[in-house]
Amino acid sequence: MPDTPKPPHPLALELLAPPRPLALELRVHGVHGAPPAELLGDPRTVRITGDSTAAVFRRAADADAEDHPEWYAGRPVIEAYCWSRLTSGNGARALWLLLLPFMVVNLAHWARPAAPATGPAPRGVRTYGVLVRVLALSLTLLLIAAACEVSLDLLAWQCAGSAHCTGSRSWLGFLAPGGWWGQPGRRLALGALVPAALTGLLWFLSNRTWSAYESQPPPADTAAPAAAAGTAPALGRPGFWYGRRIVARLRAAHTAAGLLTVAAAVAVPTARYDRRTGTPALEALGWAVEVLLAAGALAVAWVVCRRGRTEARPDHRLDRAAVTLLPGSALALLAAVLLYAGWSRPGWTSAGRLPGDFAFGALMLGQGCCVLLLAAVAVRLYRLAPDPATALYGLGGPAIAMLGCALGGVMSGGVAQRVADWLDGAAAPGPAGAPVPAPPVLLSWQAAVLPPLLLVLALLAAWFAVSGIRARRRLAAGVAAEYPGEPPDEDRSRRIAGARAAAALTDSAPWFVAAVSGITLLLGAGALAGAWISGRVPGEAARGAHPLLETAARAAQDAGSWLIGLGIAAFVAWGRRAYRDPAARRTIGVLWDVGTFWPRAAHPFAPPCYAERAVPDLTWRMTGWTGRTGGRLVISGHSQGSVLAAAAVWQLPPHVRRRVALLTYGSPLRRLYGRWFPAYFGPGPLGALHGDVDCWRNLWRATDPIGGPVLAAADDTMRGNGPAGQAGPDTPPAPSDSVDRGPLADPLAYGRTARHPLPAPILGHFDYQADPAFAAERDALLARLAGPARRTRRARPTAPSAPTASGATPAVPAPRVSKEPAEPEDPPGTAG
């Protein structure tokens, strides 16, 4: 018999075999940001792709890793996507503080309850969207009305019409009665330039950021196919991160609304005077102007209440008529009104106040009614698809909207109060004979409710603090048992238990928000009723009542005025510091990181959505790299970076998603986003993501106040409905069909050990990469991507990227920019 061939040596086989495709870990940092050197653990880094705003970095030694895959056998190449400058870049970002109420009300749009796409839900979803957009419009009107109150009422009407006020301010002397500018109409026309300029500034900021964010076309071939877009989760639809059309349309409507508000503030007192004097030509002109103002208001309302976003396809069209004609017509009408008001009226004198009480009262009443209607719609939607984990049982959106309205009222009213205090000197607002009649009475009532509101907040904070202390005592008893073989240390156990109790307070945040919103609504209703019934400031309205009530009213009015003054001063100081100091700007950037993740679907003047740049960046990078190299990729995201990573994976087409694994840690996907935004991160969407990405691991700690499990079963464990033992560094990885691994041990060691000779710190939300579980789970994900099951799944004939005989995946063409709509219409009840 012939000799049996001797099998080749394993080393020879390894040398003859083609090199395995490269493995890549793409890291995405969280809200605090981190420089590339810190993310990569090496001071020598290079930018691979991107610009000075957001870019992908590598270690300098790994810059040409694709040319030498054999150098990286058994370990991945590490990249870092740095996006922090999207929210804390140049000093102009400090101006975004002015837009804070707009950002909050925009969040309310996305906080609606999850609802089925059939039955009565679509109509409810659209009604919810319309109500939020109306609330957003009211905040724009409130801001411009406050500017009109300062420049038109307090300065041009009251102060310029008073010899006492102009006599002590020489720079206002040219407005004194008797000169060419002394006529009230001309003073109003001059004062109108300030709120008109503010409207122009808001338009400019929105248009500039629109060009940089929403107008960037999304990549085609990097999202779910058009045929499946209607059934895909919302964040997986091709047009979700492309809000070009809706932002342009709403920007035009809000700009027109601001200009019409200024025009109305000038035209109404002018037309009233003409009707009193009976001049036929001017009276007819006044009626014509008011009719045109009403027609403009109806046009703005129609544009705002139209259908909202288009998510099933990237919509490249613009509503040209609304975008150009609406603000242009409003500007032309404002110019005509200024000319009309500047017509000579020698007998006209200014006295009292402009009708600001009615305007601010109507805005406040309308906002309260909209919030109540929004709550009714939210409850109805929640009952169609109830989920107990949803914040406030579906009322999270109305609660957020209420906070946005309150914040807008405090900011706008506070500025008017401060200017009035500056003009009347030491005189108190409201009494007869004051040098300046002061701002509308309602603003004084709003200031007076601040002290009781802060008192209630202090009581709530004390209650939560006591609850945390009790929880720490309860948890401390079992901490030592989680570290077998370690001698108990009472002080160490208390510190660990304190960190866990403080982290658990995050789960009580919805009820704190509910309490603040509910009390604000009740106090606001009381302030509105008091202003309209009495017609006087609180101190004057309580005059002659019981001495205790009179003293309390006067104290609340004075304290509220001082509190608003201190708040405005702190706000200005914070903005000034943020403009000059990059470190302070990064602190403000943390607020924008959380609040501007969502597109501007309700308010076009809100700070821009950085995810409309970051998510396509990540999608393009993953699609292009896997298609070019045929390698395996793990995208690992910390904190807010995990939300960006999940959103980017949602946008991947199926053939790319099979080569990508997801590693999240310190992730708020379910703990925060799933509760506050259940329609997008609730159990249904996260379960669908788990089904689409079976290579997913999530690491979490009980000491982390932000991160938590992402699936419902692990979430129950975290809240005490199941076993919650600590997972030490030597604990084996979670089963391959599960996602969550945790709670991880924190600290890694209870006391001093041979492995940890110095006291191990309590890491909480940070330094997950220092935990051995991080590297173990990352390597396990990469190994699973290269396993036989994954190769078999990728080799299906229907897959667009079936591997070749050599094991390499054929190159996928670079992502192209979508230019053609894929669908004529959104699925019903998805976009709002």
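Up top is the structure these notes are about.
Fair warning: this is a prediction, and the values are worked out from it, not measured in the lab.

So, on to the overall build of the chain. Across its full length, the chain carries 28 helices and eight strands. In the chain, buried positions account for 53% of the 832 residues. Restricting the contact set of the chain to residue pairs at least 6 apart, pairs at least 24 apart contribute 80%. Carbon together with sulfur atoms contributes 66% to the accessible area of the chain, which is approximately 34700 Å² in total.

The final tally for this structure, using the stated rule, is 27 aromatic pairs. With centroids separated by 5.5 Å and ring planes inclined at 55°, the aromatic side chains of Trp110 and Phe240 adopt a geometry described as tilted. With a gap of 130 residues between them, Trp110 in helix 3 (residues 100–110) and Phe240 in the loop between helix 7 (193–212) and helix 8 (244–277) connect regions that are remote in the sequence. On the numbers, 5.8 Å between centres and 65° between planes, the contact of Trp650 with Phe681 is edge-to-face. Of this pair, Trp650 sits in helix 21 (residues 640–650) while Phe681 sits in helix 24 (residues 678–681), and the two are 31 residues apart along the sequence. In this structure, Trp650 and Phe681 share a single accessibility class: buried. Feature note: the residues Trp83, Trp110, Phe240, Trp241, Phe597, Trp598, Tyr610, Trp650, Tyr673, Phe677, Tyr680 and Phe681 constitute an aromatic cluster, connected by ring pairs. Between Arg345 and the ring centre of Tyr340, over which it is positioned, the NZ or CZ distance is 5.0 Å.

By secondary structure assignment, the location of Ala529 is in helix 16 (residues 509–534). Residues Ala529 and Trp445 lie 84 residues apart in sequence; the distance between their C-alpha atoms is 9.5 Å.

What the eight strands build is an open sheet, ordered 2-3-4-1-5-6-7-8; its pairing is mixed. Of all strands in the sheet, those bounded by a partner on one side alone are strand 2 (45–50) and strand 8 (740–744). Direction aside, neighbouring strands of the sheet carry axes that sit 20° apart on average. Note: strand 1 (residues 23–28) against strand 4 (residues 77–82), five bridges, orientation parallel. Considered in strand 4, the bridge of Leu24 is made with Val77. Taken strand by strand, helix 21 contacts strand 1, strand 5 (632–638) and strand 6 (660–665), and its axis lies near 140° from that of strand 5.

Conventions used here
Residues numbered from 1 in each chain as written. Predicted model: local features only at pLDDT ≥ 70, side-chain atom pairs only at ≥ 80, totals over all residues. Heavy atoms only, no water. Helix = DSSP H or I, 4+ residues; strand = E, 2+ residues; numbered from the N terminus. Buried < 20%, exposed > 50% of the residue type's maximum accessible area, 1.4 Å probe, protein only. Contact = heavy atoms within 4.5 Å. Areas by Shrake-Rupley, 256 points an atom, 1.4 Å probe, with all protein chains shown as cover. Phe/Tyr/Trp six-rings, centres within 6.5 Å; stacked < 30°, edge-to-face > 60°. Lys NZ or Arg CZ within 6 Å of the ring centre and 35° of its normal. Pairing = 2+ DSSP bridges. Axes fitted to C-alpha atoms, helices over the stretch in contact; angles between N-to-C directions.

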